Amino acid sequence: MEMVEEQLTNKRNSLKVIDCDVHVQERSFDELIEYMDPHWKNFAHSASQFRQIMNISYAIVANGGVRKDSWTPDGGYPGTSIEFLQKQLMEEHRINMAVLYPNSTFCLNSLPQDHWASAIGAALNDWLIDQWLSKDPRFKGSVSIAAADPKAAAREIDRVGGHPQMVQVGLAIHSPHRGYGDEFYDPIWEAAVRNNLVCTFHVSLPGGQNKYHATGAQKYYGEYQSLNCLTYQAQMASMIFGGVFEKFPDLKVAFVEGGFGWAPNMMYTMDTHWKALRLETPWVKRYPSEYVREHFWFGTQPFIESVQDHNNILQLIEMVGTDRLIFTSDYPHWEFDSPTSAFNKLPPDLKRKILFENPAKYLGLSAEDLKIIENGI
């Protein structure tokens, strides 16, 4: 670790970029079926609605939710071509390392047949390793799991989590049963720590029981999108008051695409109520805000921009912690943030932290990883 810290220090004169949220997708569900065992291949071919798992619950008028220029030259869906992604994201935006997050991961917690969801997750992992990670050492991977069956999820984390390019467990922010702080999910956190993987919670598609925000199904997609932060707040409180970080003190988590501007108020609110109600949760040994500052990271996208007073943003970042933000572009989705333009008003040292130093430390990158970042393929 000392060698890694030294390398990070030595690179401060050259700005490097680690993108912690890049989305890839299979060209068709048939690609995933090829990575399933005979039983699930037969199940997939026999099911009448299995191809609908990626149906989006809302009509997204922003070009269907993707950048207009991200469709591949041959008309393929954005995120399906490794060559085009390398060119458009890695080269044009000077991304030195990208953490890949398959789109289908968002849907797994919404599938009521948990064994089928676990089978899809396993196929996604083998597909990601074979079709993406093996082709470029600059790619890092997410272990896709279906949280409705935590024991099966833990087995899947153990199965592929040791792959040298796997760096995180990818979870939908909407939990299938109860909040993530419930002991029901403990096998997932235990397996993540056991495999030295961080847990990244990502905006997920609504649908099914308890998959919407606080008021049920929102009438407008803009309304739904604006309320994503509510689900993140609920899961943060669930995990902290549920004692997750006392049971798993080495667990690291990130909230991606949920913003971070709400975090200071949430920390203050949790501290206030915990202090008055400690008798109810004696297993929570410290102020909730301390757990947040020690265990939580926040993706930057969509980054807040203040026309009136940019100092407001700097104050928010200071309150959350300058070492708590990690760069996430959300490529190729319509809310994409470019590392060359999103943070131009930030001080250079802070920009370097967000784009490179914080992600490198959060992901626990090795000295070999840093060599790959420096030298490319």
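To keep things clear, this report deals only with the structure shown in the data block. Remember, predicted model here, so these are calculated numbers, not experimental data.

## A word on the packing of aromatic side chains
And then number 1: Taken as a whole and assessed by the stated rule, the structure comprises 23 aromatic pairs.
And then number 2: Ring geometry for Trp-189 against Phe-201: centres 5.9 Å apart, planes inclined by 55 degrees, an arrangement best described as tilted. With Trp-189 in helix H7 (residues 186-194) and Phe-201 in strand E5 (residues 198-202), this pair connects stretches of sequence that are 12 residues apart. Taken as a pair, Trp-189 and Phe-201 share a single burial class, namely buried.

## A word on the side chain of Gln-235
And then number 1: Take Gln-235: it is sitting in helix H9 (residues 228-241).
And then number 2: We classify Gln-235 as buried; its relative accessible area is 5%.
And then number 3: Setting aside anything within four residues of it in sequence, one finds Gln-235 in contact with Ile-173, His-174, Ser-175, Gly-179, Tyr-180 and Phe-255.

## Describing the packing of helix H6 (residues 150-160) against H7
And then number 1: At their nearest, the axes of H6 and H7 sit 8 Å apart, and the two run at 10 degrees to each other. As the angle between them shows, H6 and H7 are arranged roughly parallel. On H7, the residues that touch Pro-150, Lys-151, Ala-153, Ala-154, Ile-157 and Asp-158 of H6 are Pro-187, Ile-188, Ala-191, Ala-192 and Arg-194.
And then number 2: The class makeup of the residues in the contact of H6 with H7 is eight nonpolar, no polar and three charged.

## Overview of the pairing of strand E7 (residues 296-299)
And then number 1: Burial of E7 is two-sided: the residues Phe-296 and Phe-298 facing one way and the residues Trp-297 and Gly-299 facing the other way are all buried.
And then number 2: Inspection of the sheet shows strand E6 (residues 253-256) paired to E7 by three bridges, in the parallel sense. Bridged to Val-253 within E7 is Phe-296.
And then number 3: Summarising the sheet, E7 and strand E8 (residues 325-326) pair through two bridges and their orientation is parallel. Along E8, the bridge assignment pairs Gly-299 with Ile-326.

## Regarding the sheet that holds E8
And then number 1: The strand order E1-E2-E3-E4-E5-E6-E7-E8 describes an open sheet built from eight strands, whose pairing is parallel. Two strands in the sheet have a free side with no partner beyond their single neighbour: strand E1 (18-24) and E8.
And then number 2: Contacts from helix H4 (residues 82-91) reach E1, strand E2 (97-102) and strand E3 (139-144), with the element oriented near 145 degrees to E1.
And then number 3: Packing against the sheet, helix H12 (residues 288-295) makes contact with E6 and E7, and its axis sits at approximately 65 degrees to E7.

## Looking at unusual backbone geometry
And then number 1: Geometrically, the link from Tyr-331 to Pro-332 is a cis peptide bond, its omega value of 0 degrees lying close to zero.
And then number 2: Examined against the element boundaries, Pro-332 turns out to sit in the loop between E8 and helix H14 (348-363).
And then number 3: Even without being glycine, Arg-178 reaches a positive phi, approximately 60 degrees.
And then number 4: Within the fold, Arg-178 resides in the loop between strand E4 (166-172) and H7.
And then number 5: The backbone of Glu-257 sits at a positive phi, close to 70 degrees, despite the residue not being glycine.
And then number 6: Mapped onto the fold, Glu-257 is located in the loop between E6 and helix H11 (263-276).
And then number 7: On the basis of relative accessibility, which here comes to 10%, the residue Glu-257 falls in the buried class.

## A short note on the environment of Pro-78
And then number 1: Looking at where Pro-78 falls in the secondary structure, it is placed in the loop between helix H3 (38-46) and H4.
And then number 2: Ignoring anything within four residues of it in the chain, the contact list for Pro-78 reads Val-66, Ser-70, Trp-71 and Pro-332.

## Quick word on H4
Helical geometry: 3.6 residues make up each α-helical turn, so side chains three or four residues apart lie on a common side.
And then number 1: The buried count for H4 comes to seven of 10 residues, which makes it a mostly enclosed element.
And then number 2: If you check which residues of H4 are buried, you get Ile-82, Phe-84, Leu-85, Gln-86, Gln-88, Leu-89 and Met-90.
And then number 3: Those residues of H4 hidden inside the fold are in contact with E1, E2, helix H5 (114-131) and E3.

Each value, and the rule that gives it
Residues numbered from 1 in each chain as written. Predicted model: local features only at pLDDT ≥ 70, side-chain atom pairs only at ≥ 80, totals over all residues. Heavy atoms only, no water. Phe/Tyr/Trp six-rings, centres within 6.5 Å; stacked < 30°, edge-to-face > 60°. Helix = DSSP H or I, 4+ residues; strand = E, 2+ residues; numbered from the N terminus. Buried < 20%, exposed > 50% of the residue type's maximum accessible area, 1.4 Å probe, protein only. Contact = heavy atoms within 4.5 Å. Axes fitted to C-alpha atoms, helices over the stretch in contact; angles between N-to-C directions. Parallel < 35°, antiparallel > 145°, perpendicular 65-115°, else oblique. Nonpolar A, V, L, I, M, F, W, Y, C, P; charged D, E, K, R; others polar. Pairing = 2+ DSSP bridges.

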